[in-house]
Amino acid sequence: MVVDAGFIAIGAGIAVGLAGIGAGMGEQAIGAAAVGAMAEDEKFFGKGLLMTVIPESIAIFGLVVALILLFVFGA
Amino acid sequence: MGVSNNIKYAYIVARVRAMKSKLIPREMYPKFLNMEIPEITRYIEESGYKKDVDELGKKYRGTDLIEHALNQNLALTYRKLIEVSQDEANYLITEYLRSWDIWNIKTILRGKFSGVSEDEILEDVVSGGQLKYRDITEIVKIGTIEGVIASFAKTPYYKALEGYRGDLARIENALDLLYYSNLINAVTSTGNKLFLKFLKTEIDLKNLKMLFRMKRAGMERDEIIKNLIPGGMELKESDFVRLASLSMGDFVRALEEYSYWNAISDISGELTSLRDIEMRLDKYGLTYASRISYYYPLSILPILDYILSKKIEVDNVRIIVRGKETSLPDDIIKAHLVM
């Protein structure tokens with residue numbers, strides 16, 4: 001039904017959106033710290049980058065949930 | 001502390017941690033004792049002091065070069081902390097580092113009081129606070145103490161200086177009291193409880209050092225109480241009255257009630273040298289700052305820990321270099337180091 005498909009799409013959107021916001025909140029402190037450490041020593045670039053992208057996994061979880069919603073329940 | 005405050009501190013704390021990792025490692029100090037002054041200069045040059053040694057190398061040689069390079073580096077490091085910090089951290093660091101303004105004012109006044117040359121006064125100046133080196137050099141040129149005091153008329157320190165009637169110790173004490181009361185007000189206004197806790201402990205340690213000094217000098221009870229700084233964590237004003245009235249032996253025994261006792265438990269009131277007691281208290285302060293900075297990693301504490309560690313590093317190198325210059329035995333130099 002069209003209404004069900006609409007709810008699924010909204011659910012997928014919320015999953016991706018909230019996960020993105022959460023990842024962003026996690027990244028801002030880590031990113032600031034990474035830039036601070038790199039300003040003192042360029043050698044921290046690799047470690048800083050790695051640490052900054054760790055919260056990105058939350059966004060991926062959100063995306064996975066959205067894809068499940070769309071392709072498993074929406075099919 | 002809210003999330004946004006944590007983020008503000010994340011940048012400066014990461015930067016300060018990276019700066020701390022570049023400090024001279026503790027295990028280097030015993031090695032310095034086996035080196036000659038040119039070797040130490042070379043090591044210092046290869047570490048974080050290169051720019052300062054290169055810059056001052058044309059003007060100074062040997063121990064004077066190291067001394068000036070250390071002072072310049074310390075001042076620039078502290079200035080950098082003020083420049084790279086923001087909002088609350090910036091305000092608190094600026095207020096805390098005003099202690100160097102107090103140090104510089106005292107240095108100038110003492111120099112003028114004892115008729116020391118301008119160069120010798122400037123040797124001990126560290127422009128890590130709000131007074132710029134250029135302004136200090138102008139003030140040092142003034143011939144009289146009254147003139148020096150008048151030059152501070154537009155600064156917040158004038159309140160403590162204006163009562164000068166030939167008694168230097170009295171205004172030095174007034175400067176300390178003014179600094180700590182202003183700092184307590186500043187910290188209280190931000191509501192930063194961690195800094196307040198650190199500051200109160202620092203005041204206690206300073207009071208303990210002064211109590212030992214004044215008791216050794218045989219000062220009167222009222223005179224001792226007048227010189228102590230109110231606002232400490234464990235040593236309240238009622239403790240001042242009690243501790244100031246005791247004899248040296250009883251005073252040392254009375255300290256068992258305080259948490260600082262662990263740092264000085266093996267001292268003997270009359271026999272242990274003042275420097276030894278002060279060194280233990282300094283070490284306690286350093287360990288305390290380092291410990292609590294790990295409990296609260298995204299706060300002002302790691303910055304304060306770095307400020308202390310940097311000062312101790314500069315003091316240690318200076319002690320080693322000056323000790324070597326005067327051919328002091330290694331064990332005496334080592335006893336003076338805070339490690």
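Computed from a prediction, not measured in an experiment: that's the story for all the values here. (Residues numbered from 1 in each chain as written. Chains lettered and ligands numbered in written order. Predicted model: local features only at pLDDT ≥ 70, side-chain atom pairs only at ≥ 80, totals over all residues. Heavy atoms only, no water.)

This part is about the overall build of chain A. Helices and strands together make up the secondary structure of chain A, namely 3 helices and 0 strands. Against the 2.2 N^0.38 benchmark of 11 Å for 75 residues, chain A shows a C-alpha radius of gyration of 17 Å, more extended than a compact globule. Its C-alpha atoms put chain A at 60 × 15 × 10 Å along the principal axes. The proportion of buried residues among the 75 residues of chain A is 27%. (Helix = DSSP H or I, 4+ residues; strand = E, 2+ residues; numbered from the N terminus. Rg over C-alpha atoms; globule rule 2.2 N^0.38 Å. Buried < 20%, exposed > 50% of the residue type's maximum accessible area, 1.4 Å probe, protein only.)

Residue-level contacts link 9 residues of chain B with 11 residues of chain A. Carbon and sulfur atoms supply 68% of the area buried between chain B and chain A, which totals about 880 Å² over both sides. The largest share of the area that chain B buries against chain A comes from Ile7(B), Tyr11(B) and Lys22(B), three residues that together contribute 46% of it. Between the two partners, chain B and chain A, sit 2 salt bridges. Run the count over chain B and chain A and you get 3 residue pairs in polar contact (both at pLDDT 80 or more). At 7 residues, the largest contribution of residues to the side of chain B that touches chain A is made by helix 1 (residues 3-20) of chain B. In terms of residue class, the side of chain B that touches chain A is built from 6 nonpolar, no polar and 3 charged. (Contact = heavy atoms within 4.5 Å. Buried area = accessible area lost by both parts, 1.4 Å probe. Salt bridge = Lys/Arg side-chain N within 4 Å of Asp/Glu carboxyl O. Polar contact = N/O pair within 3.5 Å; in protein donor to acceptor, adjacent residues only side chain to side chain. Nonpolar A, V, L, I, M, F, W, Y, C, P; charged D, E, K, R; others polar.)

Further remarks concern the domain arrangement of chain B. Residues and elements named next belong to chain B. When its domains are assigned, chain B resolves into domain 1 (1-84 + 299-339), domain 2 (86-190) and domain 3 (193-296). Inter-centroid distance (C-alpha atoms) of domain 1 to domain 3 is 26 Å. Taken together, the contact between domain 1 and domain 3 spans 18 residues of the former and 15 residues of the latter. The junction of domain 1 with domain 3 conceals about 1,400 Å² of combined surface from both sides, 71% of it contributed by carbon and sulfur atoms. In this structure, the connection of domain 1 to domain 3 is made through 0 salt bridges. (Domains from an automatic or database assignment.)

Residue and element names in this part refer to chain B. At their nearest, the axes of helix 13 (residues 193-216) and helix 18 (residues 274-295) sit 10 Å apart, and the two run at 175 degrees to each other. Accordingly, the angle class assigned to the pair helix 13 and helix 18 is roughly antiparallel. For the pair helix 13 and helix 18, the contacting residues are Lys-197, Phe-198, Thr-201, Leu-205, Leu-208, Lys-209, Phe-212, Arg-213 and Arg-216 in the first and Leu-274, Ile-277, Glu-278, Leu-281, Asp-282, Tyr-284, Gly-285, Tyr-288, Ala-289 and Ile-292 in the second. Partitioning the contact of helix 13 with helix 18 into residue classes produces 11 nonpolar, 2 polar and 6 charged. (Axes fitted to C-alpha atoms, helices over the stretch in contact; angles between N-to-C directions. Parallel < 35°, antiparallel > 145°, perpendicular 65-115°, else oblique.)

Right, let's get into the packing of helix 6 (residues 87-96) of chain B against helix 12 (residues 168-190) of chain B. Residues and elements named next belong to chain B. Interhelical geometry of helix 6 versus helix 12 gives an angle of 170 degrees and a closest axis separation of 10 Å. Overall, the two elements helix 6 and helix 12 adopt an arrangement that is roughly antiparallel. Along its contact with helix 6, which presents Glu-88, Tyr-91, Leu-92, Glu-95 and Tyr-96, the element helix 12 presents Tyr-179, Leu-183, Ala-186, Val-187, Ser-189 and Thr-190. Taken together, the residues that form the contact of helix 6 with helix 12 break down as 7 nonpolar, 2 polar and 2 charged.

What follows is about a nonpolar patch on the surface. Taken together, Phe7(A), Ile10(A), Ile14(A), Leu18(A), Ile21(A) and Met25(A) make up a surface patch of nonpolar side chains, about 660 Å² in accessible area. Tracing the backbone shows Met25(A) in helix 1 (residues 2-40). (Patch = residues over 30% accessible without salt bridge, like charges linked within 9 Å, V, L, I, M, F, W, Y side chains within 5 Å. Areas by Shrake-Rupley, 256 points an atom, 1.4 Å probe, with all protein chains shown as cover.)

Before going further, it helps to spend a moment on the pattern of salt bridges. Once their charged atoms are close, side chains differing in charge can pair, the charge on each being opposite to the other. As enumerated under the stated definition, the model contains 25 salt bridges over all chains in all. A salt bridge links Glu40(A) to Arg15(B); its shortest N-O distance comes to 2.8 Å. Taken together, the positions of Glu40(A) in helix 1 and Arg15(B) in helix 1 put the pair across two chains. Like Glu40(A), the residue Arg15(B) is buried in the burial classification. The salt bridge involving Asp87(B) is made with Lys8(B); its shortest N-O contact spans 3.8 Å. Here Asp87(B), found in helix 6, pairs with Lys8(B), found in helix 1; they are 79 residues apart in sequence, far enough to count as distant. Residue class for Asp87(B) comes out partly exposed when judged on its relative accessible area of 48%. Taken together, the shared-partner salt bridges in this structure form one network comprising Asp64(B), Glu67(B), Glu123(B), Lys311(B), Asp315(B), Arg318(B), Arg322(B) and Glu325(B).

All names here are of chain B. Even without glycine at this site, Asp-87 takes up a positive phi of about 45 degrees. In this model, Ser-327 sits at a positive phi of 55 degrees, which is unusual for a non-glycine residue. Structurally, Ser-327 is set in the loop between helix 19 (301-325) and helix 20 (330-336). Looking at Ser-327, the relative accessible area reads 62%, which means it is exposed.

A separate point is helix 13 of chain B. If you check helix 13 of chain B, its first and last C-alpha atoms are 35 Å apart, about what 24 residues at 1.5 Å a residue would give, namely 34 Å. The opening residue of helix 13 of chain B, the one whose side-chain oxygen lies 3.3 Å from the backbone nitrogen of Leu194(B), is Asn192(B). (Expected span 1.5 Å × (residues − 1).)

So, about the side chain of Glu67(B). For Glu67(B), the location among the structural elements is in helix 5 (residues 62-84). Once you skip the residues sitting within four places of it in the chain, Glu67(B) turns out to touch Glu123(B), Asp124(B), Arg318(B) and Arg322(B).

Time to look at the confidence of the model for chain A. In the predicted model, chain A carries a mean pLDDT of 90, and the fraction of residues at 70 or more is 95%. By mean pLDDT, helix 1 of chain A is the weakest element of chain A at 90, and helix 2 (residues 45-53) of chain A is the strongest at 92. (pLDDT = per-residue confidence, 0-100.)

Turning to the environment of Gly128(B), a few remarks are in order. As for its placement among the helices and strands, Gly128(B) is situated in the loop between helix 8 (118-123) and helix 9 (133-140). For Gly128(B) and Lys106(B), which are 22 residues apart along the polypeptide, the C-alpha to C-alpha distance reads 14 Å.

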